[in-house]
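Read off the chains here:
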Amino acid sequence: MYYDKTKISNGVKIILPDKKYLGLCFGIKRAVEKCLSLEGDKFVIYGQLAHNATLCNKLKKQGITIIDDLMEAKREKVIICPHGIAKKDKEFLEKRGIPFLDLTCSFVKNLLSRALEFEKNSYQVIVIGDKNHVEIKNICSFLQKPLVVGKRSEVRKINSDKKIAVLTQTTQTLRKINELLPLIKRRCKEIVFISTRCNETDERQKAVKKLSEKTDLVLVVGDKMSKNANNLVKVAQEKTRAKLVSSTKGLIKIFKNLHYISNLKVGIIASASAPAFVVNDIIKCLKEKTF
Ligand code: SF4
């Protein structure tokens, strides 16, 4: 972590984490780079490559087609996004012989293969996660009777007679796991817990925690529909003020509502789905604008 060296006229001090936390995570970066390298090929992206509207719009502007319904896929290659694909959609592609390129992130694949392995060995699989998140919906579509637990009230649904295997959504916070895991354990006789959080999530949450200990305000660059961005805000809010910001417009709005700015220490970090060009725009605006 370092202070940005640039002198800022309004007295704001910018504190940045390691450069690797100022842009996309490796899973999404790999997928974006792969798509851009396919330039000559005919392909469409199925769903959102990342939960970031600015990034998706940029890809569209570069001529890349994004579809929400597989019926729209003709004979072009279909790109499967880092969040994976639902079982029925995969079967649809296979049955129709539609070519596809699977860019599911390796951490999501790991979660699925662990879950399938546990089911094969007669475990009830429980995922600590958000049942409405696309990653979790896709994972669950391959399982027989998964249970997704995202809050205390959902723990009651657990059938304690079964052998239980608890896994985690890749972007889950440690705080949520520490809150729910002891409650789950109390309801089960035989339980195995394996954290299937991705390294990026782990490292970014540690980095935002450090930032929050040294700053008056943490800005998490990301989209409001991004689970990992919202989680980073929650982690930072345990120690300081924290806001989600998706554009320079949003940054200006946040600063207009601040009571004081002079000597304010501002930490900036990207969510896993925030591209570096958006982060750089926000840093530039913070340096140049007089609020
Ligand atoms: S946040 Fe983690 S699991 Fe999700 S795409 Fe990025 S590296 Fe993969």
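Residues numbered from 1 in each chain as written. Predicted model: local features only at pLDDT ≥ 70, side-chain atom pairs only at ≥ 80, totals over all residues. Heavy atoms only, no water.

In the nomenclature of an unreviewed UniProt entry, the chain is known as 4-hydroxy-3-methylbut-2-enyl diphosphate reductase. What the UniProt record of the chain gives under Cofactor (unreviewed entry) is the line "[4Fe-4S] cluster". (UniProt positions renumbered as here; feature names shortened; annotations may be inferred.)

### Points about the packing of helix α8 (residues 199–214) against helix α9 (residues 227–237)
Two elements in contact, α8 and α9, have axes whose closest approach is 8 Å; the angle formed by their N-to-C orientations is 40°. Crossing handedness for the pair α8 and α9: right-handed. Contacts between α8 and α9 involve Arg204, Gln205, Val208, Lys209 and Ser212 from the former and Asn231, Leu232, Val235 and Ala236 from the latter. Looking at the contact of α8 with α9, its residues break down into four nonpolar, three polar and two charged. (Axes fitted to C-alpha atoms, helices over the stretch in contact; angles between N-to-C directions. Helix = DSSP H or I, 4+ residues; strand = E, 2+ residues; numbered from the N terminus. Left-handed = near helix turned anticlockwise from the far one by under 90°. Contact = heavy atoms within 4.5 Å. Nonpolar A, V, L, I, M, F, W, Y, C, P; charged D, E, K, R; others polar.)

### Some words on the sheet that holds strand β10 (residues 190–193)
Think of a sheet as strands paired side by side through backbone hydrogen bonds, with each pair either parallel or antiparallel. The strand order across the open sheet formed by four strands is β8-β7-β9-β10, and the pairing between neighbours is parallel. The sheet is open, and its two borders are formed by β8 (147–149) and β10, each paired with just one other strand. Averaged over all neighbouring strand pairs, the angle between strand axes comes to 25°, with direction disregarded. Here strand β7 (residues 124–128) pairs with strand β9 (residues 163–168) via five bridges, running parallel. The residue bridging Val127 from the neighbouring strand is Leu167, located in β9. (Pairing = 2+ DSSP bridges.)

### A few points about the environment of Lys20
Considering the arrangement of structural elements, one finds Lys20 in the loop between β2 (13–16) and α1 (26–37). Look at Lys20 and you get partly exposed, because its relative accessible area is 49%. Through-space distance from the C-alpha of Lys20 to that of Ala270 is 9.1 Å; in sequence the pair is 250 residues apart. Once you skip the residues sitting within four places of it in the chain, Lys20 turns out to touch Glu203 and Arg204. (Buried < 20%, exposed > 50% of the residue type's maximum accessible area, 1.4 Å probe, protein only.)

### Here we look at the environment of Arg241
Residue position: Arg241 is located in strand β12 (residues 241–245). Distance from Arg241 to Thr215, taken between C-alpha atoms, is 8.6 Å for residues 26 residues apart in sequence. Sequence-distant contacts of Arg241, that is, excluding residues within four places in its chain, are made with Asp216, Leu217, Val218, Leu258, Tyr260 and Leu264.

### Description of unusual backbone geometry
Despite not being glycine, Ser122 has its phi angle at roughly 65°, a positive value. By the secondary structure assignment, Ser122 is in the loop between α4 (106–120) and β7. On the basis of relative accessibility, which here comes to 56%, the residue Ser122 falls in the exposed class.

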